[in-house]
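These are the residues of each chain, in order.
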Amino acid sequence: MDNSPPDMVMPDTAGLAAAAACLRGHAVVAVPTETVYGLAARADSDAAVAAIYRAKGRPDFNPLIVHVADVAAAERLAVFDARALDLAGAFWPGPLTLVLPRRAGAPLATAVSAGLPTLALRCPAHPVMRALLALVDFPLAAPSANRSGGVSPTTAAHVAASLGAAAGMILDGGACAGGIESTIVVLREGNGWKVLRPGPITAGQIANVLGTPPVANAATSIEAPGQLASHYAPGKPIRLNASHAAPNEFLIGFGPQQGDFNLSPAGDLVEAASHLYAALHTAAAAPHARIAVAPLPAEGIGAAIKDRLSRAAT
Ligand code: AMP
Ligand code: MG
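All values derive from a computational prediction rather than experimental measurement.

J.: Quick question: what am I supposed to make of the sheet that holds strand 2 (residues 29–31) here?
T.: The mixed open sheet is built from ten strands, whose spatial order is 1-8-2-3-7-4-6-5-9-10. Among the strands making up the open sheet, the edge pair consists of strand 1 (7–9) and strand 10 (193–197). Judged from the two bridges that link them, strand 4 (residues 65–67) and strand 7 (residues 140–141) form a sheet pairing that is antiparallel. Counted as the bridge partner of His-67 is Leu-140 from strand 7. Helix 4 (residues 82–91) rests against strand 5 (96–101) and strand 9 (183–187) of the sheet, and its axis sits at about 160° to strand 5.

Here it is, written out as structure tokens:
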């Protein structure tokens, strides 16, 4: 492995221009988004998309999310029905990913959606990612900027620690405000829809826009190929719903349960989401052999936090 440090760049005019030039040259660039840092590459290039899978050590059956500047750019890649337009209108730019039928002849690398007939699309809100999308004339594939299976990065330093020189250039936009990956929703024929990955936009918010509840049956392997049971792994055993720490445990606290790293002393779940991965990175680096996590409520974004914690513990 190449152990030289990655190229850390400020996202000012010169930094953004340099990043855009890297992307035009089919290289990867790590970029802050409002959820987590992404490892971006042009989605219309087989070589660039292959470079993402290689840098992450990601299995090639796990498709990528394609990021676009606006709905018009998204409609060139996938088929939007009225429901998809309603969701994009309500939540874009923002942390909602739509899984839609891939448009025939869309200018995209086959590997970007791992050979599926569907495509995952998102219009991000972070000003750095938006500035980059405005500078290039192609969509950006961008999974989280970490080695596959590891804890997602919410700072440039997390990206450097996980990927090293494989990150290529890192645009340092500070800590991500959201801190947890986008909600992924799939729309089926008729009125059916389902959340494939819980996230910052809740199923209740989506149901309010669509006017129908989600369908209950479980996702098929085709629909959620990347939703592996074990993911976000910090490399140590994790015990959930812990009321206190054992002597060898690093306690991730919440609310009044202080712990070694409190996700939100005020008991605010949105704040807890923004600190979740920093807590797991800190716990992984601590001398403790094990990690314990205080109980968290499942309401709102709490469902997404608990989803990530249960995968981290598997
Ligand atoms: P990441 O970008 O690393 O947060 O992962 C993106 C996730 O999006 C993958 O794990 C997949 O589960 C999901 N995804 C991407 N494309 C599709 C698709 N066409 N159908 C269903 N899920 C998808
Ligand atoms: Mg990921």
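Back to the write-up after that little detour.
J.: I'm lost on unusual backbone geometry in this one. Help?
T.: For residues that are not glycine, phi is negative in most cases, and the peptide bond is trans in most cases. In the segment running from Trp-92 into Pro-93, the intervening peptide bond is cis, with an omega of -10°. Secondary-structure assignment places Pro-93 in the loop between helix 4 and strand 5. In this structure, Asn-241 is a non-glycine residue whose phi angle is positive, near 55°. Inspection of the secondary structure assignment puts Asn-241 in the loop between strand 11 (238–239) and strand 12 (249–253).

J.: Whenever I open this one, helix 6 (residues 156–163) confuses me. Can you help?
T.: Side chains of residues three or four places apart in an α-helix project in the same direction, reflecting 3.6 residues per turn. Where helix 6 is concerned, the buried positions are Ala-156, His-158, Val-159 and Leu-163. Down the axis, helix 6 shows its buried residues gathered within 155° of arc, on one side only. Buried positions along helix 6 lie against strand 1, strand 2, strand 3 (38–42), helix 2 (46–56), strand 8 (169–171) and helix 8 (269–285).

J.: In this structure, what is going on with the sheet that holds strand 13 (residues 261–262)? I would like to understand it.
T.: Each strand in a sheet pairs with its neighbour through backbone hydrogen bonds, running either in the same direction (parallel) or in the opposite one (antiparallel). Across the sheet, four strands lie side by side as 11-14-12-13; this open sheet has parallel pairing. Only two strands of the sheet have a single neighbouring strand rather than two, namely strand 11 and strand 13. Strand contacts of helix 8: strand 11, strand 12, strand 13 and strand 14 (290–293), with the helix running at about 170° to strand 12, the strand carrying the most contacts.

Conventions adopted
- Residues numbered from 1 in each chain as written.
- Chains lettered and ligands numbered in written order.
- Predicted model: local features only at pLDDT ≥ 70, side-chain atom pairs only at ≥ 80, totals over all residues.
- Heavy atoms only, no water.
- Pairing = 2+ DSSP bridges.
- Helix = DSSP H or I, 4+ residues; strand = E, 2+ residues; numbered from the N terminus.
- Contact = heavy atoms within 4.5 Å.
- Axes fitted to C-alpha atoms, helices over the stretch in contact; angles between N-to-C directions.
- Buried < 20%, exposed > 50% of the residue type's maximum accessible area, 1.4 Å probe, protein only.
- Arc of directions from axis to C-beta.

By themselves these figures say nothing about function.
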